[in-house]
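Residue strings, one per chain:
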Amino acid sequence: MTRTPSPDTRGGRCALCGREVQRLTRHHLIPRSRHRRLRKRKRGGRAYRREELERTVPLCGPCHRHVHTVFSEKELESDYNTVEALAVHPQVRRFVDWISDKPHGTIPFSRRSG
């Protein structure tokens, strides 16, 4: 029996840094921890649809960790729920500029910002 790799184990290009890596992770643009609350809440006169809540983008491990180091779940939900919004934040931009020329397997040290 052959197993098809799940979307979070295949290689490809990171949506933030653009590096070709062997393994990508799926970043939920609206954090899953916020889904239950948002399904009930109205946005612009309508409730969030399941498709909106389940949108993901492929990120390499270092970029994914950095995003969750820089932002709280609430910030990700309200202000940084697109790749474009993430990419223009100064801390993310600086990190992406640094890691974009590093080889797959680079593990940076990240410290949670206060």
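What you are looking at is a predicted structure, and each value in this text was computed from that prediction instead of being measured.

Participant: How should I be thinking about the packing of aromatic side chains in this particular structure?
Facilitator: Both the distance between ring centres and the angle between the ring planes are used here to describe each pair of aromatic rings. As enumerated under the stated definition, the model contains 2 aromatic pairs in all. Seen from their ring centres, Phe95 and Trp98 are 6.0 Å apart, and the 45° between their planes marks the pair as tilted. Remark: Trp98 and Phe95 occur in helix 6 (residues 90–99); sequence separation between them is 3 residues, near one turn of the helix. A residue is classified by how much of its surface remains accessible, and Trp98, at 40% relative accessible area, is partly exposed.

Participant: What is the right way to read the pattern of salt bridges from this model?
Facilitator: Pairing is possible between side chains of opposite charge, provided their charged atoms come close. Per the counting criterion, the structure on display carries 3 salt bridges. The partner of Asp101 in a salt bridge is Lys102, and the shortest N-O contact between them spans 3.2 Å.

Participant: Would you take a moment to explain the nonpolar core for this structure?
Facilitator: The tendency in soluble globular proteins is for nonpolar side chains to be buried as a group. With 23 residues, the main nonpolar core has Cys14, Leu16, Cys17, Cys63, Phe71 and Leu86 as its most contacted residues. Elements supplying a minimum of two residues to this core: strand 6 (56–60), helix 3 (61–70), helix 5 (83–88) and helix 6. Filtering out sequence-adjacent residues up to four positions away, Cys17 remains in contact with Cys60, Cys63, Val96, Ile99 and Ser100.

Participant: I would appreciate a short explanation of the confidence of the model for the protein chain in the present structure.
Facilitator: Predicted coordinates in regions of low pLDDT should not be interpreted in detail. Per-residue confidence for the protein chain averages 79 on the pLDDT scale, and 70% of its residues sit at or above 70. In the predicted structure, residues 1–6 sits below a pLDDT of 50 and forms 1 contact with residues beyond four places in sequence or in another chain.

Rules behind the numbers
- Residues numbered from 1 in each chain as written.
- Predicted model: local features only at pLDDT ≥ 70, side-chain atom pairs only at ≥ 80, totals over all residues.
- Heavy atoms only, no water.
- Phe/Tyr/Trp six-rings, centres within 6.5 Å; stacked < 30°, edge-to-face > 60°.
- Helix = DSSP H or I, 4+ residues; strand = E, 2+ residues; numbered from the N terminus.
- Buried < 20%, exposed > 50% of the residue type's maximum accessible area, 1.4 Å probe, protein only.
- Salt bridge = Lys/Arg side-chain N within 4 Å of Asp/Glu carboxyl O.
- Core = buried A, V, L, I, M, F, W, Y, C linked by side-chain atoms within 4.5 Å.
- Contact = heavy atoms within 4.5 Å.
- pLDDT = per-residue confidence, 0-100.

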